[in-house]
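# Breakdown of the fold
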Amino acid sequence: MTLLQVMPEDDPGNVLLRTRDHDRIAETLRACSVAFGHWPLRGTITPDTSAEDVLSRYRTEIDDLCAREGLNLVDVAQLHPDASPEWEERAAKARSTFLEEHRHAEDEVRFFAHGTGCFYLHLDGRVHAVVCEAGDLLSVPAGTRHWFDMGPRPEFTAIRFFEKEDGWVGDFTGDPIARRFPRLDALLAQEEAT
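Residues numbered from 1 in each chain as written. Predicted model: local features only at pLDDT ≥ 70, side-chain atom pairs only at ≥ 80, totals over all residues. Heavy atoms only, no water.

## Observations regarding the overall build of the protein chain
- Helix and strand counts for the protein chain come out as five helices and eleven strands.
- In terms of overall dimensions, the protein chain is globule-like: its C-alpha atoms have a radius of gyration of 16 Å, near the 16 Å expected for 194 residues.
- Projected onto its principal axes, the C-alpha coordinates of the protein chain cover approximately 45 × 40 × 35 Å.
- Considering only intrachain contacts with a sequence separation of at least 6, the fraction spanning at least 24 residues in the protein chain is 74%.
- Accessible surface, the protein chain: about 9600 Å² in total, of which carbon and sulfur atoms supply 49%.
- For the protein chain, the separation between the mean place of its 21 positive charges and that of its 36 negative charges on side chains is 2 Å. (Helix = DSSP H or I, 4+ residues; strand = E, 2+ residues; numbered from the N terminus. Rg over C-alpha atoms; globule rule 2.2 N^0.38 Å. Contact = heavy atoms within 4.5 Å. Areas by Shrake-Rupley, 256 points an atom, 1.4 Å probe, with all protein chains shown as cover. Lys, Arg positive; Asp, Glu negative; His and termini not counted. Charge placed at Lys NZ, Arg CZ, Asp CG, Glu CD.)

Structure, rendered in structure tokens:
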């Protein structure tokens, strides 16, 4: 289930809100102009599921969202664990790419068809850690400072939406804030400990 944890930007150990309640998550994020929703899952995703198959399963939702939001490009990003050393290297590189705070010139819109990933949204003096899971749709407004953690052993399939071909380019802020906050695995471990 999805998780939202809110912390002051200068005190990561102070948890202001921690909830798995979908309505509370949507309400809290909406107050920050972040759209959060849920699509029904359309079958099981495996490492052999092609990007084309993922897109065809969600074609109706994709077309509707693109028409409403003026999104022109759609693709699929996916990582599924395997035992090869090449995968370990590729996964570590992919994880490190977005672990530093950055922003984009357009909205960052993602639907998780499978797996887990955490968006950390740096908004109004707080960090909102949003652990997204299969079925979650998140739209981060353009210019929002954030970072993303796919975990030490990434496993996810996400549909990505863009207005323009270069919409995914990150503008890194240089602020080391992300290094002070719990990573995805630590957030989930906190959940297991309680």
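After that view, the rundown keeps rolling.
## Overview of helix α3 (residues 59-69)
- Among all positions in α3, only E61, I62, L65 and C66 are buried. Buried residues of α3, seen end-on, are gathered within an arc of 125° and therefore sit on one face of the element. Along α3, the residues that are exposed and aim more than 90 degrees away from the buried face are T60, A67 and R68. (Buried < 20%, exposed > 50% of the residue type's maximum accessible area, 1.4 Å probe, protein only. Arc of directions from axis to C-beta.)

## As for the pattern of salt bridges
- Tallying each qualifying case throughout the model produces twelve salt bridges.
- The shortest N-O distance in the salt bridge between R68 and E69 comes to 3.9 Å.
- Looking at R68, the relative accessible area reads 53%, which means it is exposed.
- A salt bridge links R103 to D171; the shortest N-O distance between them is 3.1 Å. Separated by 68 residues along the polypeptide, R103 in strand β5 (residues 102-103) and D171 in strand β11 (residues 171-172) bring together distant segments of the chain.
- On the basis of relative accessibility, which here comes to 41%, the residue D171 falls in the partly exposed class.
- What emerges from the salt-bridge pattern is a single network uniting D64, R68 and E69. (Salt bridge = Lys/Arg side-chain N within 4 Å of Asp/Glu carboxyl O.)

## A few points about the packing of aromatic side chains
- Taken as a whole, this structure holds ten aromatic pairs when the rule is applied.
- An angle of 25° between the planes, with centres 6.3 Å apart, marks the rings of W39 and Y58 as stacked. In this pair, W39 is assigned in the loop between β3 (35-38) and α2 (51-57) and Y58 in the loop between α2 and α3, connecting sequence segments 19 residues apart. For the pair formed by W39 and Y58, the shared burial category is buried.
- Pairing Y120 with W147 gives two aromatic rings, centres 5.2 Å apart and planes at 10°, and the pair type is stacked. Of the two residues, Y120 is situated in strand β6 (residues 108-123) and W147 in strand β9 (residues 145-149); the sequence distance between them amounts to 27 residues. As far as burial versus exposure is concerned, Y120 and W147 are alike and both buried. (Phe/Tyr/Trp six-rings, centres within 6.5 Å; stacked < 30°, edge-to-face > 60°.)

## Quick word on the state of the cysteines
- On inspection of all chains with the given rule, the structure shows zero disulfides.
- This cysteine, C32, is not joined by any disulfide, and C132 carries the nearest cysteine sulfur, 14 Å off.
- Residue classification places C32 among the buried positions, given a relative accessible area of 16%. (Disulfide = S-S within 2.5 Å.)

## Observations regarding the nonpolar core
- L29, F119, L121 and L138 are the most contacted members of the largest nonpolar core, which totals 25 residues.
- A total of four residues in this core trace back to one element, the largest contributor, which is β6.
- Setting aside residues up to four positions removed in sequence, L29 forms contacts with L4, V34, F36, L121, H128, V130 and L138.
- If you look at the next biggest cluster of nonpolar residues, it comprises 16 residues, including L55, I62, L65 and V109. (Core = buried A, V, L, I, M, F, W, Y, C linked by side-chain atoms within 4.5 Å.)

None of the figures reported here should be taken as evidence of function without further support.
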